[in-house]
Amino acid sequence: MKAEVNSTGRSLVGQVRPETLRARQRRAGYGMILPGLIIIGGITIFPILYSVWLSLNNVNLTVNGYQTNFIGLKNYNTLIHVQAFWHSLWFTFYYSVVTVTLELLFGLLIALAINNVQKLKNLSVVVMLIPWSLITVISAQMWNYIYDGVYGVLNYVLQFLHVIGAPVTWLGTPTLAVSAIMVADIWKTTPFVVIIILAGLQMIPTEYYEAARMDGANSWQVFWSIIFPQLRGSIALAGLFRILQAFGVFDLPFVLTNGGPGNATTSLAILGEQVLFQELHFGTGSAVAVATVLLVLIISLLFLSAFRTLVTEGDSA
Amino acid sequence: MIQPKWRTVVGYVVLIGFLVGILLPFYWMFVTAFKPNAEIASYPPHLIPAHWTLSHFVEAFGKYGFGPFIRNSVIVSVSTTFLVLFFGSMAGFALARLPIPGRAPLMIALLVISMFPEIAVVSPLYVLLRTLGWLNSYQALIVPYTAFNLPFAIWILRNYFLQVPGALFEAAAVDGASIYRTFYQIFLPITTPGLFTAAVFTFVASWTEFLFALVFNSSNSMRTIPVGIALFSGQYTVPYGTIFAGSLVSVVPVIVLVVIFRKWIVSGLTQGAVKG
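Residues numbered from 1 in each chain as written. Chains lettered and ligands numbered in written order. Predicted model: local features only at pLDDT ≥ 70, side-chain atom pairs only at ≥ 80, totals over all residues. Heavy atoms only, no water.

(A) Main features of the overall build of chain A. Scanning chain A from N- to C-terminus turns up 13 helices and 2 strands. Scored against the burial criterion, the 317 residues of chain A give a buried share of 50%. In chain A, 63% of the contacts between residues at least 6 apart in sequence involve partners at least 24 apart. Summed over all atoms, the accessible surface of chain A reaches about 15,500 Å², with 65% contributed by carbon and sulfur. (Helix = DSSP H or I, 4+ residues; strand = E, 2+ residues; numbered from the N terminus. Buried < 20%, exposed > 50% of the residue type's maximum accessible area, 1.4 Å probe, protein only. Contact = heavy atoms within 4.5 Å. Areas by Shrake-Rupley, 256 points an atom, 1.4 Å probe, with all protein chains shown as cover.)

(B) Summary view of the overall build of chain B. On a plain count of helices and strands, chain B comes out with 13 helices and 0 strands. Order of helices (α) and strands (β) in chain B, N terminus to C terminus: α-α-α-α-α-α-α-α-α-α-α-α-α. In terms of overall dimensions, chain B has C-alpha extents of about 75 × 65 × 30 Å along its principal axes. Counting over 276 residues, chain B shows a buried share of 57%. Restricting the contact set of chain B to residue pairs at least 6 apart, pairs at least 24 apart contribute 74%. Of the roughly 10,800 Å² of accessible surface on chain B, a fraction of 71% belongs to carbon and sulfur atoms.

(C) Representation of empty space enclosed by the protein in the model. With the rule as written, the count across this model stands at 2 cavities of 30 Å³ or more. Volume-wise, the second largest cavity comes out at about 40 Å³. In terms of lining residues, the second largest cavity is bounded by I130, S133, L134 and I135 of chain A together with W207, S250, V251, V254 and I255 of chain B. Within the residue set of the lining of the second largest cavity, elements represented by two or more residues are α4 (121–133) of chain A together with α13 (240–269) of chain B. (1 Å grid on protein atoms, 1.4 Å probe; cavity = no way out; pocket = protein on both sides within 12 Å on 5 of 7 lines; lining within 4 Å. Points joined across faces, edges and corners; volume = space filled by probe spheres on them.)

(D) View of α13 of chain B. Its 30 residues place the ends of α13 of chain B only 33 Å apart at the C-alpha level, less than the 44 Å of an ideal helix rising 1.5 Å per residue. Within α13 of chain B, the axis deviates most sharply at F261 of chain B, by approximately 80 degrees. (Expected span 1.5 Å × (residues − 1). Bend = angle between axes of the 7 residues up to and from the residue.)

(E) Broad picture of the interface of chain A and chain B. In this assembly, 108 residues from chain A lie in contact with 105 residues from chain B. Interface of chain A and chain B: buried area, both sides summed, is about 10,000 Å²; carbon and sulfur atoms make up 80% of it. The largest per-residue losses of area from chain A upon contact with chain B belong to M32, W132 and Y145 of chain A, which jointly make up 9% of the total buried on that side. At the junction of chain A and chain B, the tally comes to 0 salt bridges. (Buried area = accessible area lost by both parts, 1.4 Å probe. Salt bridge = Lys/Arg side-chain N within 4 Å of Asp/Glu carboxyl O.)

(F) Structural context of the pairing of strand β1 (residues 57–62) of chain A. Residues and elements named next belong to chain A. Pairing between β1 and strand β2 (residues 65–70): 6 bridges, direction antiparallel. Following the sheet pairing, T62 is matched in β2 by G65. What sits between β1 and β2 in their antiparallel hairpin is a turn of 2 residues. (Pairing = 2+ DSSP bridges.)

(G) Molecular detail of a nonpolar patch on the surface. Taken together, the side chains of L120 and L123 of chain A together with I16, V20, L24, Y27, F30, L47, I48 and W52 of chain B define a hydrophobic patch exposed on the protein surface, amounting to about 970 Å² of accessible area. Note that I48 of chain B resides in the loop between α2 (37–40) and α3 (55–61). (Patch = residues over 30% accessible without salt bridge, like charges linked within 9 Å, V, L, I, M, F, W, Y side chains within 5 Å.)

(H) Broad picture of the confidence of the model for chain A. When pLDDT is averaged along chain A, the result is 85; 90% of the residues meet or exceed 70. Across residues 1–12 of chain A, where pLDDT falls below 50, the model places 5 contacts with residues more than four positions away in sequence or in other chains. (pLDDT = per-residue confidence, 0-100.)

(I) Structural context of the packing of aromatic side chains. Scanning the entire structure with this criterion turns up 48 aromatic pairs over all chains. Ring-pair connections join several aromatic residues into one group, and the members of that group are Y145 and Y151 of chain A together with W28, Y240 and F244 of chain B. (Phe/Tyr/Trp six-rings, centres within 6.5 Å; stacked < 30°, edge-to-face > 60°.)

(J) Local environment of the side chain of S286 of chain A. With respect to the helices, strands and loops of the structure, S286 of chain A is situated in helix α12 (residues 282–302). Overall, the relative accessible area of 0% leaves S286 of chain A in the buried class. A distance of 3.1 Å separates the side chain of S286 of chain A from the side chain of S123 of chain B, its partner in a polar contact. Excluding anything up to four places from it in sequence, S286 of chain A contacts S51, L54, S55 and L276 of chain A together with S123 of chain B. (Polar contact = N/O pair within 3.5 Å; in protein donor to acceptor, adjacent residues only side chain to side chain.)

(K) Main features of the environment of L135 of chain B. All names here are of chain B. Within the secondary structure, L135 is located in the loop between α6 (119–132) and α7 (139–163). Along the backbone, L135 and S218 are 83 residues apart, and their C-alpha atoms lie at a distance of 8.5 Å. Among all residues touching L135, those that are not within four sequence positions of it are Y126, L129, R130, F216 and N217.

(L) Spatial organisation of the pattern of salt bridges. Residue and element names in this part refer to chain A. As enumerated under the stated definition, the model contains 2 salt bridges over all chains in all. R242 is paired through a salt bridge with D185; the nearest N and O atoms lie 3.4 Å apart. With R242 in helix α9 (residues 219–246) and D185 in helix α7 (residues 174–202), the pair connects residues that are 57 residues apart, well separated along the chain. With respect to burial, R242 and D185 carry one shared label: buried. What you see here is one network of salt bridges that share partners, running through E103, D185 and R242.

(M) The arrangement of the side chain of R97 of chain B in detail. Residue and element names in this part refer to chain B. Along the polypeptide, R97 turns up in helix α4 (residues 66–97). Accessibility expressed as a relative area gives 18% for R97, which makes it buried. Here the side chain of R97 touches F161 through a polar contact of 3.3 Å, landing on its backbone oxygen. A distance of 3.2 Å separates the side chain of R97 from the backbone oxygen of L162, its partner in a polar contact. Other than its neighbours up to four places away in sequence, R97 contacts R103, F161, L162, V164, P165, G166, F169 and F187.

Structure (structure tokens):
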């Protein structure tokens, strides 16, 4: 029996034309990506757009739903005339910049110091990952007890060392409460920065150091000419991610101070939660949410080129 | 590399000081969970407990009903982890290996989305869940957690799929094997480490999440561990002994995960995609 042939005389069997394969792959690709994208879009992008709509309305929760009543920019007008909003904006910004800067600085110094310690590696990694994996609310309760003004161990230790004369109410004084929350954040996140920077340091070939030493470079020169240029990318990226995360800070102030004393530690997220779920002003609360999104977007756009480098690096790897 | 002796000494001093600094607050929580109430509220504090007691553990699970919090957290975190691995591995594979237009902008978009603070979506999600009658349900947390953890998982898994030699894929494709079979039978087994990494990150993120859990599942029977612990402090005094007893029980499984999967966690942390 003759094999089936087409007009050009070549067998159809066992031959896949490149375009068809590509088209088939593309179709399968859409099928594999779409479910994930629908979930992500439905739970992140759609709600963000919807919160813009809510922020332009007066929203009333009813028994089994809600009513909207379009009022234009009124919620934003309310917001910009409330001092608490500007304060939470300032607090969130200040908190993010200070904690992230200190975390990166401490992380870099510690990583440089311990880079050449050969022993205790497994133990160190496990210990450094403990704060990262700890539920933030648990670490907040832990610090709550440490900072306690009546029987807190911090007062005891500082009095023992003669740093302070009388017990201090750490969480009851505005400036001290801000610092206390920052310390809790730094405790939780510095180990994580150390791990990232250590990994970066370990990827620098030892020949680089040896060559620099042969040329008579001192430690300072080695750091600026070899170590820093190699680490710059990962430090910048870690810093960006951390800043964006810090913008959402909620758990620590919620447990430690509930935004107080006064509104000293009210972050944007704390303010949003209060307006939404304690005052039940869904329109104004959504305006706070939209303001937060705008801030995050502005920062992300400023760093867009950094993101782009990351994608291309991944492709060439 | 030969290095001066003083630097080794400094290295050890810093390392040990650092590890002690991490562990000291943790030590304080640990011993407090075993102290009688009188000692917990004493000043000056007993740095080492004079008496040890298990009464706070009994109280946490009896009077304060900590058991259901753990059950809720396990159900939510495990379901989320499986969903994220299922959807994330498919999408990661497609973005790494299949000729889809606009892959680079899509990856950037995912990265930006994964950075949005939860407060940004909490109000619309709340009205939506409330209208659906989904408040105080497992899906009220599982669905948002899946969406929030997927972008990072896709990133991690895509990186792993990129490392599999392209020749392997072409060989399988020319053989006429279906793309889905290639994915399940060839790629997925090779990239198990990537799956571990994505799984641990998703699990820890779901286990520790607070804002959604607080506002979507506030009824006592649906609370997860973080909400239970945050709202413990009720009446007149904060029951620290009980809080820390419950905390320790919920910390143990995660520390076991960290010990087992530490290599994959570190590799996930250092892949440029950094999540705290």
